[in-house]
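# Structural overview
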Amino acid sequence: MVKVLARSSSRIRQPLARAVCALCCVFGTLPAWSADGSSETNYTIWGTPGLITLPDAKLAPNGEAASTFGYMPGTTTVGLTFQFSDRITATFRYAGVDGAINPFQGQDTYYDRSFDFRYQVLDEGRYLPAVAVGLQDFAGTGLYSGEYVVATKTVAPGFSLTGGIGFGRLGSYNPLTTIGERPSRLIDEIGTGSFVFEGRGGTFNFNQWFRGDVAPFAGLSWDVNDKWRFVAEYSSDAFDAEEAAGFYKNRTPLNFSLTYDLGADSRVSLYSLNGDKFGVQATFSINPREPAMNTGIEEAPLPIRKRAPGESELLGWTELGDAVLPTIRENLKRQLDRDQLRIAGLEVSGREATLLLENPRYGSEPQAIGRAARAMASQLPYSIETIHIIPVSNGMGLSRITFQRSDLENLQFSTVEAIKERMVIEDTRGHMIAFDDDKYPSFDYGFSPYIQPGYFDVFQPLRADFGIRFRNTLRLSKNFKIGSSFTYRLAGDLAGSEPDFDGVVPPVRTLGPLYFEDPFGVESLALYYTAHPFKDIYVSGRVGYLENMYGGVSGEVLWKPVDSPLSLGIEVSRVRQRGFDRLFDFRDYEVTTGHVSAYYDFDNGYFAKLDVGQYLAGDKGATLLVQRTFDNGWAFGAFATLTDISAEDYGEGSFDKGIMFTMPLSFTLQEPKRTSYTEVVRPLQRNGGAKLSVNDRLYGGLADYHRPSLDQEYGRFWR
């Protein structure tokens, strides 16, 4: 980048150096203050935890997700930040910048996508500051690329000091020294004063990290009261590219902001930037670990009647044989109906009973199991001591969960840990009972509104279609069903994007806009098969129109022990590209795609999945997904795919990557709902690394009723 040493002077260098040294001395001598003295996390204009344009070393609360919307003349930014763990912070940023910053693109607005990553090296202690190391725009075009080491110390309740050193963009103003050479992706055009953007973005620029000019920065944050916060910083960001483009002037390294807390986890900020611009920003945050209410508004479960001494030996009812079974079933059904749970099958004997349970209501699976266990303990004959619950979905038993009735009676007012220790989870193979005779065939259908967004079009950042979706399922038997989904667009502009007929890589996804020109379409129409033929082994198959763009045959085998965090699977599909009208014709392109997958469920909701195989364009490679799921159903994750397609052939973005989140409807309604909304946000959808999108993959439905997922949500068992 263009150096700005001409603007620096010893009069600035010397006081700054002394100030940094003073801050270091202060950090080493001040006591730590309680976190109770600080308010919500402050977010920069780039959407990251920090000061104004620069980071600090404060952590957002574990699990917090924040969205920021900022504007200053020449730049509009949207940031999504997630506190992935106690130490890891991740940010995705989308910026619309005055087109003069990249005149060779020929647009009024240049759109830039970038990712940030930060790791907390040291927590704040009595004498030591918090210390963090971070990468800014580490896989983008390089417009915001920089690295930093930063320290923050709370010196009084609500008052903290920050100091650090920056590289790249964060080392561009008044650098103190240089470490090695930093190859820049933004090359100043000699004689024009504008920057050339080299490359297509998306590649990890390892050779730039912590290299080049090094500049110090510092700042302070003061919570004036519980509503107002004042922040000031000395910035090491020279805004070289913006200044060269002619819409920004760096008159001073001093920036100031004033933030007002609106309540309900929302804040608005006003900025004074480099003595040249004013900016505004709105910040909205949410923490899935802290719901609006501690419990839901659903009705309380009925208590379990404790059997009197000797009642457990009463076997007289068994002499009535089949005559008493309808009454037992009706009594159990009545209580399960109260909780909107369904019986799919029931088998009772003198000492034990097995229930096939359908759960259409509770997003927390332990809550459904707890309600069903209460119903069985309350309504079954007194002699039945052993209770088996087998959750079922798609005609398949997911696990067998066993309780002793006396444990349920004695521990219903105890902790969930007490009953969890006595719960037994087994594979259903060899333990399944028959489904009810009238269970199949069955037919379900429903209408719902839908929204299908499209992100990051070069000419329009956000597009979307809105309409009505009709779904129906004809369940032929416990193993077979026919499922379909039809949509009718009422409004939208997804078809307005330009399709890309890539001549190097088969256009397996970039023709997407052509599939949304007609308002009506068949999303899917297929015959599905599921089975559990062996212990720990599950299989599924699909044939028909599998998704919007592809139809064919697909099969899956999954090894999934009920008590293991590790699972392995394989999926193979032979598919053909569908016609653009999304009806019943096909195009010429045909391919075999498939992957070998490894799933690992870590403690505390952390999950990773690795897929290795062949993608829709015939390219070979691997996809890594890392995700965090909270016990109330919220999930945040990120994925990346690398294949044997070169970055040059892949095109803009260099490789497939993105973020995803799942929001359960129950979180906002505060009542049980299994419905959730999942969205995948890709910086750019290209053809490399493209996967088939099909319904009812095996792992998700099984994992909910297996360990460790079941254990994670067990806190709602008695609710």
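Our subject is the structure listed above.
These lines cover the structure that appears in this document, whether it is placed above or below.

Cut-offs and rules
- Residues numbered from 1 in each chain as written.
- Predicted model: local features only at pLDDT ≥ 70, side-chain atom pairs only at ≥ 80, totals over all residues.
- Heavy atoms only, no water.
- Helix = DSSP H or I, 4+ residues; strand = E, 2+ residues; numbered from the N terminus.
- Rg over C-alpha atoms; globule rule 2.2 N^0.38 Å.
- Buried < 20%, exposed > 50% of the residue type's maximum accessible area, 1.4 Å probe, protein only.
- Contact = heavy atoms within 4.5 Å.
- Areas by Shrake-Rupley, 256 points an atom, 1.4 Å probe, with all protein chains shown as cover.
- Lys, Arg positive; Asp, Glu negative; His and termini not counted.
- Charge placed at Lys NZ, Arg CZ, Asp CG, Glu CD.
- Core = buried A, V, L, I, M, F, W, Y, C linked by side-chain atoms within 4.5 Å.
- Expected span 1.5 Å × (residues − 1).
- Salt bridge = Lys/Arg side-chain N within 4 Å of Asp/Glu carboxyl O.
- Polar contact = N/O pair within 3.5 Å; in protein donor to acceptor, adjacent residues only side chain to side chain.
- Pairing = 2+ DSSP bridges.
- Arc of directions from axis to C-beta.
- Axes fitted to C-alpha atoms, helices over the stretch in contact; angles between N-to-C directions.
- Parallel < 35°, antiparallel > 145°, perpendicular 65-115°, else oblique.
- Left-handed = near helix turned anticlockwise from the far one by under 90°.

## Quick word on the overall build of the protein
Scanning the protein from N- to C-terminus turns up ten helices and 34 strands. Since a compact globule built from 719 residues should have a radius of gyration of about 27 Å, the 29 Å found for the protein is in line with a globular shape. C-alpha extents for the protein along the principal axes are approximately 100 × 65 × 40 Å. Every one of the 719 residues in the protein was classed for burial, and the buried ones make up 53%. Across the protein, contacts joining residues at least 24 apart in sequence account for 61% of those joining residues at least 6 apart. Surface summary for the protein: the accessible area is close to 30,900 Å², and the carbon and sulfur share equals 58%. Treating the 71 positive side-chain charges of the protein as one cloud and the 87 negative ones as another, the clouds have centres 2 Å apart.

## Quick word on unusual backbone geometry
The residue after Tyr440, namely Pro441, is reached through a cis peptide bond having omega -5 degrees. Pro708 follows Arg707 through a cis peptide bond whose omega is 5 degrees. Locating Pro708 in the fold gives a position in the loop between helix 9 (698-703) and helix 10 (709-712). Notably, Phe210 is not glycine yet its phi reads approximately 55 degrees, a positive angle. Of note, Phe210 is situated in the loop between strand 10 (195-197) and strand 11 (212-223).

## Structural notes on the side chain of Thr41
Here Thr41 lies in the loop between helix 1 (10-29) and strand 1 (65-72). Assessed through its relative accessible area of 10%, Thr41 is described here as buried. Not counting the four nearest positions on each side in its chain, Thr41 is found in contact with Pro49, Leu59, Ala60, Pro61, Glu64, Arg229 and Arg267.

## Some thoughts on the nonpolar core
The nonpolar side chains of a soluble globular protein tend to be buried with one another. Counting 50 residues, the largest nonpolar core has Ile389, Phe403, Leu408 and Phe717 as the members making the most contacts within it. Looking at this core, the elements that each hand over two or more residues are helix 3 (325-338), strand 17 (352-358), helix 4 (365-379), strand 18 (386-393), strand 20 (400-404), helix 5 (405-411), helix 6 (416-422) and helix 9. Sorting elements by how many residues they give to this core places helix 4 first, with seven residues. In contact with Ile389, not counting residues within four places along its chain, are Leu355, Leu357, Ile369, Ala372, Ala373, Met376, Ser399, Arg400, Ile401 and Phe403. One finds Leu511, Leu546, Met549 and Tyr550 within the second-largest nonpolar core, a separate group that totals 21 residues.

## Focus: helix 4
The terminal C-alpha atoms of helix 4, which comprises 15 residues, lie 21 Å apart, in line with the 21 Å expected from a rise of 1.5 Å per residue. The buried fraction of helix 4 is high, at 13 of 15 residues.

## Things to note about the pattern of salt bridges
Following the criterion strictly, the structure yields 42 salt bridges and no others. Its salt-bridge partner being Lys439, residue Glu358 comes within 2.7 Å of it at the nearest N-O pair. Taken together, the residues span a long stretch of sequence, with Glu358 in strand 17 and Lys439 in the loop between strand 21 (424-426) and strand 22 (442-455) at a distance of 81 residues. The exposure class of Lys439 is buried, given its relative accessible area of 18%. Across the pair Arg576 and Asp588 runs a salt bridge, and its minimum N-O distance is 3.9 Å. Placement of Arg576 in strand 28 (residues 566-578) and of Asp588 in strand 29 (residues 586-601) is noted, with a sequence separation of twelve residues between them. The class of Arg576 is partly exposed, set by a relative accessible area of 32%.

## Overview of the side chain of Ser85
Note on placement: Ser85 falls in the loop between strand 2 (75-83) and strand 3 (88-98). Overall, Ser85 belongs to the buried group, its relative accessible area being 13%. From its side chain, Ser85 meets the backbone nitrogen of Ile88 in a polar contact 3.1 Å long. If sequence neighbours within four positions are ignored, Ser85 has contacts with Asn62, Tyr606 and Arg628.

## A few points about the pairing of strand 30 (residues 606-614)
One ladder, built from eight bridges, connects strand 29 with strand 30; its direction is antiparallel. Of the residues in strand 30, the one forming a bridge with Ala598 is Leu610. In this sheet, strand 31 (residues 620-629) lies alongside strand 30 in antiparallel orientation, the contact comprising nine bridges. Across the sheet, residue Tyr606 finds its bridge partner in strand 31, namely Arg628. Two successive antiparallel strands, strand 30 and strand 31, enclose a turn made up of five residues, where Gly618 displays a positive phi of approximately 85 degrees.

## Quick look at the environment of Gly555
In this fold, Gly555 is placed in strand 27 (residues 550-559). The partly exposed category is assigned to Gly555, whose relative accessible area is 26%. In the structure, Gly555 is positioned 16 residues away from Glu571 in sequence and 5.7 Å away in space, judged by C-alpha atoms. Among all residues touching Gly555, those that are not within four sequence positions of it are Ser540, Gly541, Arg542, Ile570, Glu571 and Val572.

## Focus: helix 3
For helix 3, with 14 residues, the first-to-last C-alpha span of 20 Å sits near the 20 Å given by 1.5 Å per residue. Turning to helix 3, its buried residues number three or more, namely Ile328, Leu332, Gln335 and Leu336. End-on, the buried residues of helix 3 take up no more than an arc of 100 degrees, which puts them together on one face. Looking at the buried side of helix 3, the elements it contacts are strand 16 (342-348), strand 17 and helix 4. Phi turns positive, to about 60 degrees, at Gln340, one or two residues after helix 3.

## Some words on the pairing of strand 13 (residues 254-263)
In terms of strand pairing, strand 12 (residues 228-234) meets strand 13 through seven bridges, oriented antiparallel. Along strand 13, the bridge assignment pairs Glu233 with Asn255. The pairing of strand 13 with strand 14 (residues 266-273) spans seven bridges and is classified as antiparallel. Across the sheet, residue Tyr260 finds its bridge partner in strand 14, namely Val268. The antiparallel pairing of strand 13 with strand 14 creates a hairpin that spans two residues between the two strands, and Ala264 there sits at a positive phi of about 55 degrees.

## Digging into the packing of helix 3 against helix 4
Axis separation between helix 3 and helix 4 bottoms out at 9 Å; the angle between their running directions is 150 degrees. Taken together, helix 3 and helix 4 sit at an angle that is classed as roughly antiparallel. In this structure, helix 3 crosses over helix 4, and the sense of that crossing is right-handed. Within the contact between the two elements, helix 3 uses Asn331, Leu332, Gln335, Leu336 and Arg338 and helix 4 uses Arg371, Ala372, Arg374, Ala375, Met376, Ser378 and Gln379.

## A few points about the environment of Ile165
Within the fold, Ile165 resides in strand 7 (residues 159-168). A residue is classified by how much of its surface remains accessible, and Ile165, at 36% relative accessible area, is partly exposed. As for Ile165 and Ala65, which are separated by 100 residues in sequence, their C-alpha atoms are 27 Å apart. Excluding residues within four positions of it along the chain, Ile165 makes contact with Glu147, Tyr148, Val149, Val214, Ala215, Pro216 and Phe217.

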